[in-house]
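# Results of the structural survey
Single-letter residue listing:
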Protein chains: 2
Amino acid sequence: MSEPHPALLMFIGARYVEQRVSDAVAAAGYDDITPAMARVAARLSEDGIRVTDLAEQARITKQSASVLVDQLERAAYVERVPDPADARARLVVIAPRGREVQQVARREERAIEREWSRHLGAERMAALKDALKGLREITDPYREDFAQPARRG
Amino acid sequence: MSEPHPALLMFIGARYVEQRVSDAVAAAGYDDITPAMARVAARLSEDGIRVTDLAEQARITKQSASVLVDQLERAAYVERVPDPADARARLVVIAPRGREVQQVARREERAIEREWSRHLGAERMAALKDALKGLREITDPYREDFAQPARRG
DNA sequence: CTGATATAGTCAGTCTCACTGACCAGTTCG
DNA sequence: CGAACTGGTCAGTGAGACTGACTATATCAG
């Protein structure tokens, strides 16, 4: 069997972390969060964010974002408050329960990074990060300048 | 903003390749393949495989796998043939049209790998592969599946 | 050989989460 | 003021996943 493509190995690693974090969050008692909700929730900030901006960042339509925010709100992870700067808009802000989840997720991510460092050794871990950052220069269309990618459809 | 988690960088790279390959396949005229179909199709081998095994490897239910194989069959990418070893079962085998797609996909993957090597340089590319392979030892729960054909449960 | 049980696969129904299009309310600017 | 733009929702559709029930074949104990 030929060597697996590096991208497959990357996918395996990324999926592992996603699973670990999602498991940790569920184990901490927050078991009513779907993957789609998590993707949106990962973009929340302390300052609050508009549904439209959330949609753009998560690369989904504002309609989809709106539905997911509804669910997050019903489960008390976020609140919608009026935007003082624009009466049409409302800001999605993290609620206390949401902040708890973020802490659990961040702690698990840090733990995984420590495990990886231990397994690979500091040097290989540094080389990994270095190479991944270098790759990002040519693989991440959202770094800065780019035209709207014509998503197939 | 703090450093992105390595897993995020991996995800970006993996998604990039997925997109490039999918675009190349579509550009070659095979524009009736959905991502879900592709995920199943990526597991096909020359020997044929049962729907049940396909489902297990793609981590979906056999019902879902069956629907996706239906679609692939309707589009002439695969065929279902009787399994000579078991009259209950049928084998999903690649059809000529499916083989063409696999070649397009593999060619694009190799092209991307060359681009990455050029961008990073041979040394960093080797370090990347090395580290990713090392990580796989602790992040891939299905490692054996890739080396060994069957894992009886 | 027969009957119990396991396995391959399909059918039917449901759920989640994307999408588009139509629409309303508020903002901005001529 | 009125036109055009923007934030957001409502309604409808579709893909793709799920569970549960079912048929047909295989296998194994007695």
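See the structure shown above.
Residues numbered from 1 in each chain as written. Chains lettered and ligands numbered in written order. Predicted model: local features only at pLDDT ≥ 70, side-chain atom pairs only at ≥ 80, totals over all residues. Heavy atoms only, no water.

Looking now at helix α4 (residues 62-74) of chain B. All names here are of chain B. The end-to-end C-alpha separation of α4 is 18 Å, in line with the 18 Å expected for 13 residues at 1.5 Å each. Where the residues of α4 are buried, they touch α2 (35-41), α3 (51-58), β2 (78-82) and β3 (90-94). At the exit of α4 stands Ala76, carrying a positive phi of roughly 70 degrees. (Helix = DSSP H or I, 4+ residues; strand = E, 2+ residues; numbered from the N terminus. Expected span 1.5 Å × (residues − 1). Contact = heavy atoms within 4.5 Å.)

As a further point, take the pattern of salt bridges. Residues and elements named next belong to chain B. If you walk through the whole model with that rule in mind, you get 24 salt bridges over all chains. Of the charged contacts in the structure, one is a salt bridge between Glu115 and Arg20, with a shortest N-O distance of 3.0 Å. In this pair, Glu115 sits in helix α5 (residues 96-120) while Arg20 sits in helix α1 (residues 6-27), placing the two residues 95 residues apart along the sequence. The residue Asp83 makes a salt bridge to Arg50 at a minimum N-O spacing of 2.8 Å. Taken as a pair, Asp83 in the loop between β2 and β3 and Arg50 in strand β1 (residues 49-50) lie far apart in primary sequence, 33 residues in all. For Asp83, a relative accessible area of 8% translates into the label buried. (Salt bridge = Lys/Arg side-chain N within 4 Å of Asp/Glu carboxyl O. Buried < 20%, exposed > 50% of the residue type's maximum accessible area, 1.4 Å probe, protein only.)

What follows deals with the relation of the copies chain B and chain A. The operation relating chain B to chain A is a screw motion whose rotation component is 178 degrees, with 0.1 Å of axial translation and a residual RMSD of 0.3 Å. Taken together, these values place the two copies in the relation of a two-fold axis. Among all residues of chain B, the one whose C-alpha sits closest to the rotation axis is Met10(B), at a distance of 2.3 Å. (Least-squares fit on C-alpha atoms with pLDDT ≥ 70 in both.)

Now for the interface of chain B and chain A. Chain B puts 42 residues into the contact, and the matching count from chain A is 40 residues. Both sides together, the interface formed by chain B and chain A hides about 4000 Å², and carbon and sulfur atoms give 69% of it. The partner of Asp130(B) in a salt bridge is Arg124(A), with the nearest N and O atoms 2.8 Å apart. Our count for the contact surface shared by chain B and chain A stands at 10 residue pairs in polar contact (both at pLDDT 80 or more). Those elements that place two or more of their residues in the side of chain B that touches chain A are α1, α5 and α6 (122-139) of chain B. With 15 residues, α6(B) is the largest single contributor of residues to the side of chain B that touches chain A. For the side of chain B that touches chain A, the per-class residue count stands at 22 nonpolar, seven polar and 13 charged. (Buried area = accessible area lost by both parts, 1.4 Å probe. Polar contact = N/O pair within 3.5 Å; in protein donor to acceptor, adjacent residues only side chain to side chain. Nonpolar A, V, L, I, M, F, W, Y, C, P; charged D, E, K, R; others polar.)

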